[in-house]
Each structure stands twice: as C-alpha cells, then as structure tokens.
Amino acid sequence: MADAASQGARVVLLGPPGAGKGTQGKVLCERLGVPSISTGDMLREAVTEGSELGNKVQGIMASGALVDDATMADVVRDRLAKPDARRGFLLDGYPRTLPQAETLAGILRDAGQDLDAVLLVDVPEDELVRRTLLRGREDDQETVIRERLRVYREKTAPLIGYYSERGLLREIDGNRPVEEVTARMFDLFGVGAAEAAGATEAD
Ligand code: AP5
C-alpha cells in the first residue's frame, strides 16, 4: 500500500449508512488518482434521470431495502469496464452482500486484478442516526434509517469477516472529526499527513 498514490489502487469502502464513506471517499480517490464509484450515487442519478433502472430501484431505495444482487452486478460490471477504472477504483457501497462480494471477486479475477484493501469505517449507531437525520436525504427519515441499519447488520456486516479472513480488512474509527478520519486513512495508504494536507490545499 506504500506506493498506492503513484500506482493506483483497488479499494472497497465498507461501513454502515452515515459512517462517512462518501465524505472520505471523495478525498481519498483524488489522492489515489482513481475514480470514486458510489453505487448509491449511481442509483440516485438513475432515479433523477427516470431511466429504466431508476424506475426499478426508486421504491426499493426509499424503503431502505437493498436492490437485488443481479441488478447491482450489471451496474458494477459495466462501470468497472470503463477506461478510467483500469488503474484502480474506490468502491463506495458495493459489495453489500456476500454474493456481491463473490461477484466482485469474479469480475476482478477475469481482469487479472486483485483488491488492495477494504476499509471499514465504523461509527456507533446513535451517531449514524444523528448524522443522517441532519443530512436530510430522501431516504434519511428515521424509520428508513433504522431499516437501512438493520439491513446493514444482517446483510453487509458479514463482509467484515469475509474480508478479514482474506487479509484485506483495515479498520478506521469514523467517530472522529472529518479531518482526523482523513488523516488516519491517508496514513493507512502510506501518504503522510503533511503530504495529504498539501494535496487537499492544492485541489
Ligand atoms: P448509499 O448511498 O450507498 O447509502 P449508505 O451506504 O446507506 O451510505 P450513506 O450515503 O447514507 O452514508 P455514507 O457512509 O456515505 O456517509 P456520508 O459521507 O454521506 O445507498 C443508498 C441506497 O441505494 C441503499 O439503501 C440501497 O437501497 C441502494 N444501494 C446502493 N448500493 C447498493 C448495493 N451495492 N446493493 C444493493 N442496494 C444498493 O456522511 C453522512 C453524513 O454525515 C453527511 O451529512 C456528512 O457530512 C456527515 N459526516 C461524515 N463524516 C462525518 C464525521 N467524521 N463527523 C461528523 N459528521 C460527518
């Protein structure tokens, strides 16, 4: 991971809703020079466009449930095939189930690639609810947030063990100020705090 900034990297951001994956992902992807691929953002764009995919997923997202694995496999396979993802990517919000993790492993295997790291950003549940209520996205009503958290515990949390067994998991305390979380993340990728601060100022 020490040369991640110069060599590109294939990274998954894992964590519950509201942990700060999107917030941190935007900064880290710039530093690593790879695209940030947020499946949540892609689906929200599809809903805004009123595309076939958007119409299919709108109600599912509003309820806090997960879109089915086969649909998500098509979305992610197409996105990772784009030229900008050749050097690497930061995946935010995918995989979210064990079958999705197997799909991702298959896509990478076919391309002769491997993941470099899975970054788990964790935050206590009360703080997650507080943050998401403040944010106020369409799916940020308390009942929907509680459902997203329940789905996370049931379907996504098993990925922690899955990636830990494969030696890929790195954990970060997300219950710290944004800048501290960023600095810790850059440390993990072998980019010093001073260098990281310089990179942010230059953007
Ligand atoms: P998605 O958009 O991926 O939502 P999520 O995982 O629930 O994550 P969030 O976007 O809510 O949170 P985040 O961790 O990115 O936090 P953020 O940086 O925004 O998915 C939405 C829906 O799409 C799903 O429910 C599902 O229906 C569908 N979907 C997507 N991918 C799918 C998949 N693979 N399979 C099936 N379905 C899928 O931060 C949150 C707030 O906290 C912000 O306001 C931020 O400013 C603030 N904040 C961030 N960090 C800090 C900090 N350190 N201190 C204080 N505040 C902070």
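Within each chain, residues carry numbers counting from 1 in the order of the written sequence. Only residues with pLDDT of at least 70 get local features here, since the model is predicted, and only at 80 or more are side-chain atom pairs given and counted; chain-wide, interface and lining totals rely on the full set of residues. Hydrogens and water are ignored here; the side-chain numbers use all heavy atoms of the structure.

**Student:** Sorry, what's going on with the nonpolar core here?
**Tutor:** Soluble, globular proteins show a tendency: their nonpolar side chains are buried together. Membership of the largest hydrophobic core comes to 27 residues, with the highest contact counts inside it found for Leu80, Phe89, Leu91, Leu104, Leu115, Val118 and Tyr163. Only runs of H or I of at least four residues qualify as helices and only runs of E of at least two qualify as strands under DSSP, and these elements are numbered from the N terminus. Those elements giving two or more residues to this core turn out to be β1 (10-14), α4 (52-63), α5 (69-80), β3 (89-92), α6 (98-110), β4 (117-122) and α9 (158-165). Here the element with the most residues in this core is α6; it accounts for 4 residues. When neighbours within four sequence positions are excluded, Val118 is seen to be in contact with Val12, Leu14, Tyr163, Leu168, Leu169 and Arg170. Side-chain atoms within 4.5 Å link the members of a nonpolar core, which is a set of buried Ala, Val, Leu, Ile, Met, Phe, Trp, Tyr and Cys residues. Think of it in three bands: with a 1.4 Å probe and only protein chains considered, a residue is buried below 20% of the maximum accessible area for its type, exposed above 50%, and partly exposed in between. In what follows, a contact means two residues having at least one pair of non-hydrogen atoms within 4.5 Å.

**Student:** For this particular structure, what's the right way to read the pattern of salt bridges?
**Tutor:** Once the charged atoms of two side chains with opposite charge are near each other, the side chains can pair. Think of a salt bridge as a Lys or Arg side-chain nitrogen and an Asp or Glu carboxyl oxygen that are within 4 Å of each other. If you walk through the whole model with that rule in mind, you get 15 salt bridges. The salt bridge involving Asp41 is made with Arg44; its shortest N-O contact spans 2.8 Å. One end of the pair, Asp41, and the other, Arg44, are both in helix α3 (residues 39-49), 3 residues apart, so they sit about a helical turn from each other. Judged by relative accessible area, Asp41 falls into the partly exposed class, the value being 32%. One salt bridge in this structure joins Arg131 and Glu127, with 2.9 Å as the shortest N-O distance. Of this pair, Arg131 and Glu127 both sit in helix α7 (residues 125-135), 4 residues apart, which is roughly one turn of the helix.

**Student:** Just checking my understanding: could you explain the layout of surface pockets for this structure?
**Tutor:** A probe matching the size of a water molecule, rolled over the atoms, marks out where space remains unfilled. Only protein atoms enter the 1 Å grid used here. Points where a 1.4 Å probe fits but cannot escape make up a cavity, open sets with protein on both sides within 12 Å along at least five of seven lines make up a pocket, and a residue lines them when an atom lies within 4 Å of a point. Grid points are joined across faces, edges and corners, and a volume is the space filled by probe spheres set on the points. Its boundaries defined by the atoms lining it, the largest pocket holds a volume of some 970 Å³. As a working rule, the residues Ala, Val, Leu, Ile, Met, Phe, Trp, Tyr, Cys and Pro are called nonpolar, Asp, Glu, Lys and Arg charged, and the rest polar, with Gly in that last group. When its residues are assigned to classes, the lining of the largest pocket shows 18 nonpolar, 16 polar and 12 charged.

**Student:** Help me out: how do you make sense of the pairing of β1 in this one?
**Tutor:** Across a regular strand the side chains alternate sides, sitting on one face of the sheet and then on the other. In terms of burial, β1 is a largely internal element, 5 of the 5 residues being buried. In terms of strand pairing, β1 meets β3 through 4 bridges, oriented parallel. Residue pairing in the sheet places Val12 in a bridge with Leu91 of β3. Should DSSP find at least two bridges between two strands, the strands are regarded as paired.

**Student:** Even after reading the chapter, I still don't get the confidence of the model for the protein, so can you show me in this structure?
**Tutor:** Keep in mind that low pLDDT regions are not for reading the predicted coordinates in detail. Every residue is assigned a pLDDT by the predictor, reflecting its confidence on a scale from 0 to 100. Across the protein, the average pLDDT comes to 92, with 91% of residues at or above 70. In this model residues 196-203 is a low-confidence stretch, pLDDT under 50, and it forms 5 contacts with partners more than four residues away in sequence or in other chains.

**Student:** Explanation requested: the site of the ligand in the structure shown.
**Tutor:** Near the ligand you find 30 residues, and of these Thr23, Ala65, Arg96, Arg135 and Arg148 are the closest. The term polar contact refers here to a pair of N or O atoms within 3.5 Å; inside protein, the definition further demands a hydrogen-donor-capable atom paired with an acceptor-capable atom, and it admits residues adjacent in sequence only when both atoms are side-chain atoms. Between Gly20 and the ligand, the recorded distance is 3.1 Å, taken from a backbone N or O atom to an oxygen atom. The contact in question runs from a nitrogen atom of the ligand to an N or O atom on the side chain of Gln100, over 3.0 Å. If the ligand stood free it would expose 1000 Å²; the protein chains cover 87% of that surface. When residues of the shell around the ligand are traced back to their parent elements, those giving at least two are α2 (21-32), α3 and α7. Broken down by element, the shell around the ligand gets its largest block of residues, 4 residues, from α3. Think of it this way: one heavy atom of a residue within 4 Å of a molecule or strand is enough to make that residue near it. All accessible areas in this document rest on Shrake-Rupley with a 1.4 Å probe, and a residue is counted as covered only by the protein chains that are shown.

**Student:** Please explain the packing of aromatic side chains as it appears in this structure.
**Tutor:** A ring pair, where both rings are aromatic, is described by two values, the distance of the centres and the angle of the planes. Between the rings of Phe, Tyr and Trp (Trp by its six-membered ring), a pair exists once the centres lie within 6.5 Å; its type follows the angle of the planes, with under 30 degrees stacked, over 60 edge-to-face, and the other angles tilted. Under the defined criterion, the tally for this structure stands at 1 aromatic pair. Between Tyr162 and Tyr163 the ring centres are 4.9 Å apart and the planes differ by 90°, which places this aromatic pair in the edge-to-face class. Each member of the pair, Tyr162 together with Tyr163, is buried.

**Student:** Before we go on, may I ask you to explain helix α8 (residues 142-156) in this structure?
**Tutor:** Since the α-helix advances by 3.6 residues per turn, residues separated by three or four positions end up pointing in the same direction. The first and last C-alpha atoms of α8 sit 20 Å apart over 15 residues, in line with the 21 Å expected at 1.5 Å per residue. Residues of α8 that are buried include every one of Val144, Ile145, Arg148, Leu149, Val151, Tyr152 and Thr156, and no others. When α8 is viewed along its axis, its buried side chains cluster within an angular range of 160° and face the same direction. Packed against the buried residues of α8 are β1, α4, β4, α7 and α9. Any helix carries an expected span of 1.5 Å times its number of residues minus one. By construction, the arc corresponds to the directions joining the helix axis to the C-beta atoms.

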